[in-house]
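Fold and geometry: a report
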Amino acid sequence: MPKSQVRKKKVYTPPTDVRPTTTTAATRKPSPVWLPATAVALIVAGIGWLVVYYLSEQEYPVASWGYWNLAVGFGAMVSSLVLLSRWR
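I will try to describe carefully the structure that is included in this document. Counting from 1, residues in each chain are numbered in the order their sequence is written. This being a predicted model, a pLDDT of at least 70 is required before a residue's local features are given, and a value of 80 or more before pairs of side-chain atoms are given or counted; all residues contribute to the totals for chains, interfaces and linings. Values shown for side chains rest on all heavy atoms present in the structure; no hydrogens or waters enter the calculation.

A closer look at the overall build of the protein chain
Our working rule: Numbering of helices and strands starts at the N terminus; helices are DSSP runs of H or I of at least 4 residues and strands are runs of E of at least 2. Every radius of gyration here is taken over C-alpha atoms, with the globule rule written as 2.2 Å times N^0.38, N being the number of residues. Only protein chains enter the accessibility calculation, which uses a 1.4 Å probe; a residue is then buried when its area is under 20% of its type maximum, exposed when over 50%, and partly exposed in between. Only heavy atoms matter for contacts: two residues are in contact if any of them lie within 4.5 Å across the pair. Using a 1.4 Å probe, the Shrake-Rupley method yields the accessible areas, and only the shown protein chains count as cover for residues.
The secondary structure content of the protein chain amounts to two helices and zero strands. The C-alpha atoms of the protein chain give a radius of gyration of 26 Å, which is well past the 12 Å a tight globule of 88 residues would have. Each of the 88 residues in the protein chain was classed as buried or not, and the buried ones make up 17%. Put simply, 57% of the contacts in the protein chain that link residues at least 6 apart link residues at least 24 apart. By element, 67% of the accessible surface of the protein chain is carried by carbon and sulfur atoms, the whole surface being about 7,800 Å².

As structure tokens, this is what we get:
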């Protein structure tokens, strides 16, 4: 069986002025303890707000807001997703 050819060219290394900075996952700080707790609390609060709104036949939590209660509930859940996207 013939022997395969040996690679003559060195492995490519980009020039130093083009290389990205060395910010690896090991050098980044872990997320603070309050972040996941706040995100879970916002999810629970958002779902609770919507459940109360629908079960009370749009009378509670704030009757004068009308359908803006939906925006409050979904806004709380979306803000928790924004927080969770920053979690490491």
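So, the environment of Tyr54
Its location among the elements puts Tyr54 in helix α1 (residues 34-55). Taking the C-alpha atoms as reference points, Tyr54 and Leu70, 16 residues apart in sequence, are found 9.5 Å from one another.

Things to note about the packing of α1 against helix α2 (residues 68-85)
How we decide: All axes are obtained by fitting lines to C-alpha atoms, using only the stretch in contact for helices, and the reported angles, taken between N-to-C directions, cover 0 to 180 degrees. Throughout this description, any angle smaller than 35 degrees is read as roughly parallel, any larger than 145 degrees as roughly antiparallel, any in the 65 to 115 degree range as roughly perpendicular, and the remainder as oblique. In this scheme the handedness of a crossing depends on how the near helix is turned from the far one: anticlockwise by less than a right angle means left-handed, clockwise means right-handed. Note that Gly is not counted as nonpolar here; it falls among the polar residues with everything else outside the nonpolar set of Ala, Val, Leu, Ile, Met, Phe, Trp, Tyr, Cys and Pro and the charged set of Asp, Glu, Lys and Arg.
In contact at an axis separation of 8 Å, α1 and α2 are set at 160 degrees when each is read in the N-to-C sense. As judged from the angle between their axes, α1 and α2 are roughly antiparallel. Between α1 and α2 the crossing geometry is left-handed. Where α1 approaches α2, its residues Trp34, Leu35, Thr38, Ala39, Leu42, Ile43, Gly46, Ile47, Trp49, Leu50, Tyr53 and Tyr54 are matched on the opposing element by Asn69, Leu70, Val72, Gly73, Phe74, Ala76, Met77, Ser79, Ser80, Leu83 and Leu84. A class-by-class count of the residues in the contact of α1 with α2 yields 17 nonpolar, six polar and no charged.

Considering the environment of Thr27
Tracing the chain through its elements places Thr27 in the segment before α1. Judged by its relative accessible area of 54%, Thr27 is exposed. C-alpha separation for the pair Thr27 and Gly75, spaced 48 residues apart in sequence, amounts to 33 Å.

Considering α2
Basically, it comes down to this: Expected helix span is given by 1.5 Å per residue-to-residue step, counting one fewer step than there are residues.
Look at α2: 25 Å from first C-alpha to last across 18 residues, which is about the 26 Å you get at 1.5 Å a residue. Here the buried face of α2 lies against α1.

As for the side chain of Ser31
To keep it simple, the criterion reads: N or O atoms closer than or at 3.5 Å make up a polar contact, with two conditions inside protein: a donor-capable atom paired with an acceptor-capable one, and, for residues adjacent in sequence, both atoms drawn from side chains.
Note that Ser31 resides in the segment before α1. A distance of 3.1 Å separates polar atoms of two side chains, one belonging to Ser31 and the other to Trp87. Filtering out sequence-adjacent residues up to four positions away, Ser31 remains in contact with Arg86, Trp87 and Arg88.

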